[in-house]
Amino acid sequence: MTAPTDRSATASDRAAVASGKRGAGGLPLTAAYLAAMLLLYVGEHLLFESLALRASLATLALALIAVAIGGRLRRMRKLHHGARPVERSIVIAYVAGVGALLIYALQADFALELLGPHFGSPQAAQRWSAALATLWVVVWVCAITPLIFVEISYAPMDTSRTVELRRIRRSWQSGLVVALTAALTFTLNFIANELNTSVDLSYFKTTHPSESSKKMVQQLSEPLRVVLFFPGANEVLQHVRSFFEDLHAASPQLRLEFVDQVLEPKLAKELGATENGVVVFVRGTQKETLTIGDRLQRAKSKLKRLDADFQQIFLRLLRTQKVAYFTVGHEERAQQQRDNAAANGGLRDLRKLLEGLNYRVRDLGLADGLGSEIPGDATMVLVIGPKQPFLPAESATLAAYLRRGGRALVMLDPDAGVTLDDLLNPFGLKYVAQPLAVEVPLARVSFTQADRQLMVTNRFGTHPSVGTLSRHSTQLVVVMAGAGYLEQQPPASALQPAPRVSFTVHSLPLAWNDANNNFALDPPGEQRKLYELAAAVEITSPKPSSAPSGSAGETRMIVVADSDLASDGLLFSRAVGNRYLLLDAFKWLGGDERLIGETASEEDIPIAHTRQQDQLWFYLTIFGMPALVLGFGLLYTQRRRRMG
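Residues numbered from 1 in each chain as written. Predicted model: local features only at pLDDT ≥ 70, side-chain atom pairs only at ≥ 80, totals over all residues. Heavy atoms only, no water.

A separate point is the overall build of the chain. For the chain, the helix and strand inventory stands at 20 helices and 18 strands. Each of the 644 residues in the chain was classed as buried or not, and the buried ones make up 46%. In the chain, of all internal contacts separated by at least 6 residues, the share reaching a separation of at least 24 is 74%. For the chain, the accessible surface area stands at approximately 32,600 Å², while carbon and sulfur atoms represent 58% of it. (Helix = DSSP H or I, 4+ residues; strand = E, 2+ residues; numbered from the N terminus. Buried < 20%, exposed > 50% of the residue type's maximum accessible area, 1.4 Å probe, protein only. Contact = heavy atoms within 4.5 Å. Areas by Shrake-Rupley, 256 points an atom, 1.4 Å probe, with all protein chains shown as cover.)

Here's what the structure looks like:
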């Protein structure tokens, strides 16, 4: 486009000057052109079921386009020759928009039917359609956006004189840049969607299932129907969809259905979904419901623990509920939890962990058979921190249960002095009730020398019962508060086959046995070395007829040298490694070692303060900070006075 001068004006130009027309005179034609585009969109996407109405709208749209192009050509002949390049550019934009419509027609169903025989395969036709479906949008956007920009700049110009072609050119370029940016974004989105590849950069990393969840669905031998009730365009659905589609990729037995509860009221009523944001799991006549919500702000907490919730529901649907017995009557931690549920030393979180694995928790005392016969439905027995020794009959009952293929978790504390020799020695283990300590505390609670008995370690064996910890030993640690240690010794009685003892958690080499409990190393009685903090005992033998329910006939026992590890103060709030140690232990004891693996979770860990710490923060905020500010102010004032 070039800018002519007034000297070259012809007679027709002078007539145009006399008429005093402006660029806004062409706006009705552009409005008619855009209205035609709108009519075509309505006919093709909203009224496509009525062929007659669709054809009528298309005819009217084509007529409007013809009027718009004809009107522009007519204006181009009548206007001052200085405005003709602008009119010509607008006509070119009109034609480009029509070209986009022709490309759209080539990828329409009727065109594909006509061209179908010329394609070698249905896949080739699909690629052709997909490419044209992207191309027509790009061409249309690149035609319409600069057109609108030019019209906005051109409207106030006096077309009877030389128009500002430089300004028009900049408007055209700006519109084209915006259009190409939008087209590039659209194309990249289309390519990413076709490749079905995504990179999760979102806050919620739990939009993908954990290794453990994938292992669960891979064991499906029959279909599990999962119906997700969400509206079509929903931000929560994006997170939930990626999670379940990954599970579906792991096993086709997991069958997904995405349904809008409003559009499918009959199915929603049948499955008990009263609103959107609900996931229903159906297995035969059984069904479980997981409510997430369809608003992201409210669904955040649910999304953070989606993987854990899925595992709990999966186990409830697919597995028979098992029973775990806690021994009582010896001042065990289980008893403390019932007396004071809010205390950090209780086992409320440990019980929740078991219930999440589809265990029913029961107490086991003398009246329940601890001194004579362990109940037949026991999958495992848990002895957590007893402060009173077991009766010989109780130890003999537990030992006999284990020899028959029973499963047990035993956790002892050095300060209680209970070593359960009658139970552990026959299986080649000895518990030494001397607290371990480290000279440089790796964790602090009281900020006194007592913190030296806080044991932190990431030294794990390769046994399946610590499989997750072994794989992530650089990220996970186990924390114990006042741990004793274990030693291997020849079994007190000849068992055939002999028990296999595997030490699974080791202390750091800095630890020593603090025999006199003074938090200081006193050689030679106290030695700094690597101590054993947990052990797994196995006896593999043919399953006897008297084996406990759920047992494969293989004796399995895990012994941990500290029960604080499982307390509410350490299990969930501070040490993630403790949780995985117990989760994998329960899976191994219950015969579910194939499910061992991490669980995706981003639950916020509550910050716990001791009473002394709360007092410290109180005084710091009430007195400390104001005093600090006042002190700086006084120093600054004195300095200014000295400087005059």
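In this section: the environment of Pro 389. Mapped onto the secondary structure, Pro 389 falls in the loop between strand E7 (378-384) and helix H15 (392-403). Taking the C-alpha atoms as reference points, Pro 389 and Gly 329, separated by 60 residues in sequence, lie 9.8 Å from one another. The residues contacting Pro 389, other than those within four sequence positions of it, are His 330 and Val 418.

We now examine unusual backbone geometry. That bond from Pro 523 to Pro 524 is cis: its omega, 5°, falls within 30 degrees of zero. The topology assignment puts Pro 524 in the loop between strand E16 (512-513) and strand E17 (532-539). Even without being glycine, Leu 420 reaches a positive phi, approximately 50°. Turning to its location among the elements, Leu 420 is positioned in the loop between strand E8 (407-411) and helix H16 (421-424).

Here Arg 528 shows up in the loop between E16 and E17. Arg 528 sits 16 residues away from Trp 512 along the chain, and the two C-alpha atoms are 4.2 Å apart. Not counting chain neighbours up to four residues away, the residues in contact with Arg 528 comprise Glu 439, Pro 509, Leu 510, Ala 511, Trp 512 and Leu 521. Side-chain polar atoms of Arg 528 contact the backbone oxygen of Leu 510, separated by 2.9 Å. (Polar contact = N/O pair within 3.5 Å; in protein donor to acceptor, adjacent residues only side chain to side chain.)

Another aspect to go through is the side chain of Thr 397. In this fold, Thr 397 is placed in helix H15. By relative accessible area, Thr 397 is classed as buried at 7%. At a separation of 3.2 Å, a polar atom in the side chain of Thr 397 contacts the main-chain carbonyl oxygen of Gly 371. Not counting residues up to four positions away in its chain, the partners in contact with Thr 397 are Gly 369, Leu 370, Gly 371, Ser 372, Glu 373 and Ile 374.

Taking 1.5 Å per residue as the helical rise, helix H9 (residues 235-250) with its 16 residues ought to reach 22 Å, and the 24 Å between its terminal C-alpha atoms agrees with that figure. Buried residues along H9 sit in contact with helix H8 (211-218), strand E1 (224-229), strand E2 (254-259), strand E3 (278-283), helix H11 (296-304) and helix H12 (306-318). (Expected span 1.5 Å × (residues − 1).)

A word on a nonpolar patch on the surface. Among the surface-exposed residues, Leu 34, Ile 148, Phe 149, Ile 152 and Val 178 lie close enough to one another that they form a single nonpolar patch of about 400 Å² accessible area. Counting residues per element, the nonpolar patch draws most heavily on helix H6 (residues 122-154), at three residues. Exposure remark for Phe 149: the relative accessible area of 31% places this residue in the partly exposed category. (Patch = residues over 30% accessible without salt bridge, like charges linked within 9 Å, V, L, I, M, F, W, Y side chains within 5 Å. Salt bridge = Lys/Arg side-chain N within 4 Å of Asp/Glu carboxyl O.)

Attention now moves to H8. Those residues of H8 lying buried are Ser 212, Ser 213, Met 216 and Val 217. Each buried residue of H8 sits inside an arc of 135° when the element is viewed along its axis, so together they form one side. In the core, the buried residues of H8 are packed alongside H9, H12 and helix H19 (576-589). (Arc of directions from axis to C-beta.)

Here we come to the nonpolar core. By size, the foremost hydrophobic cluster in this structure holds 71 residues, and its most contacted members are Phe 244, Val 279, Leu 409 and Phe 586. Of all hydrophobic cores here, the second largest spans 32 residues; its members include Tyr 325, Leu 364, Phe 427 and Leu 486. (Core = buried A, V, L, I, M, F, W, Y, C linked by side-chain atoms within 4.5 Å.)

Between H9 and H11, the least distance of the axes is 9 Å, while the angle of their chain directions is 20°. It follows that H9 is roughly parallel to H11 by the angle criterion. As for the relative orientation of H9 and H11, their crossing is left-handed in sense. Residues Glu 235, Val 236, His 239 and Val 240 of H9 form the contact with H11, whose participating residues are Leu 296, Ala 299 and Leu 303. Its residues assigned to classes, the contact of H9 with H11 comprises five nonpolar, one polar and one charged. (Axes fitted to C-alpha atoms, helices over the stretch in contact; angles between N-to-C directions. Parallel < 35°, antiparallel > 145°, perpendicular 65-115°, else oblique. Left-handed = near helix turned anticlockwise from the far one by under 90°. Nonpolar A, V, L, I, M, F, W, Y, C, P; charged D, E, K, R; others polar.)

Applying the stated rule across the entire model yields two cavities of 30 Å³ or more. Each pocket or cavity is described by its volume, and for the largest cavity that value is around 80 Å³. In terms of lining, the largest cavity is formed by 10 residues, of which the most central are Leu 315, Arg 319, Leu 357, Tyr 359 and Asp 592. Along the lines of polarity and charge, the residues of the lining of the largest cavity split into four nonpolar, two polar and four charged. Taken as a whole, the second largest cavity encloses approximately 50 Å³ of empty space. Lining of the second largest cavity is provided by Leu 409, Ser 465, Val 466, Thr 504, Ala 534, Ile 558, Val 560, Leu 581, Leu 582 and Ala 585. Contributing elements (two or more residues each) for the lining of the second largest cavity: strand E18 (555-560) and H19. For the lining of the second largest cavity, the element with the most residues is H19, which contributes three residues. Here the lining of the second largest cavity is built from residues that sort into eight nonpolar, two polar and no charged. (1 Å grid on protein atoms, 1.4 Å probe; cavity = no way out; pocket = protein on both sides within 12 Å on 5 of 7 lines; lining within 4 Å. Points joined across faces, edges and corners; volume = space filled by probe spheres on them.)

A separate point is the pairing of E3. The buried fraction of E3 is high, at five of six residues. Bridge count between E1 and E3: five bridges; the pairing is antiparallel. Bridge pairing links Val 227 to Val 280 in E3. Pairing analysis gives six bridges linking E3 to strand E4 (residues 286-291), with the strands arranged antiparallel. The residue of E4 that forms the bridge with Phe 281 is Glu 288. The antiparallel pairing of E3 with E4 creates a hairpin that spans two residues between the two strands, and Gly 284 there sits at a positive phi of about 60°. (Pairing = 2+ DSSP bridges.)

This next bit is on the sheet that holds E1. Read across the sheet, four strands follow the order E2-E1-E3-E4 without closing on themselves; strand pairing throughout is mixed. The two strands at the open ends of the sheet, each matched to only one other strand, are E2 and E4. Direction aside, the axes of adjacent strands within the sheet are offset by 20° on average. Along the sheet face, H9 touches E1, E2 and E3 and points at about 155° away from the line of E2. Sheet strands in contact with H12 are E1, E3 and E4, and its direction is about 165° off that of E4.

What follows deals with the packing of aromatic side chains. Under the definition given, this model contains nine aromatic pairs. Centre to centre, the rings of Phe 243 and Phe 310 are 5.9 Å apart; their planes meet at 75°, and the pair counts as edge-to-face. Of the two residues, Phe 243 sits in helix H9 while Phe 310 sits in helix H12, which places them 67 residues apart along the sequence. A relative accessible area of 0% means that Phe 243 is categorised as buried. You can call Phe 310 buried: its relative accessible area is 0%. Pairing Phe 281 with Phe 310 gives two aromatic rings, centres 6.0 Å apart and planes at 45°, and the pair type is tilted. Within this pair, whereas Phe 281 is found in strand E3, its partner Phe 310 is found in helix H12, the two being separated by 29 residues in sequence. (Phe/Tyr/Trp six-rings, centres within 6.5 Å; stacked < 30°, edge-to-face > 60°.)

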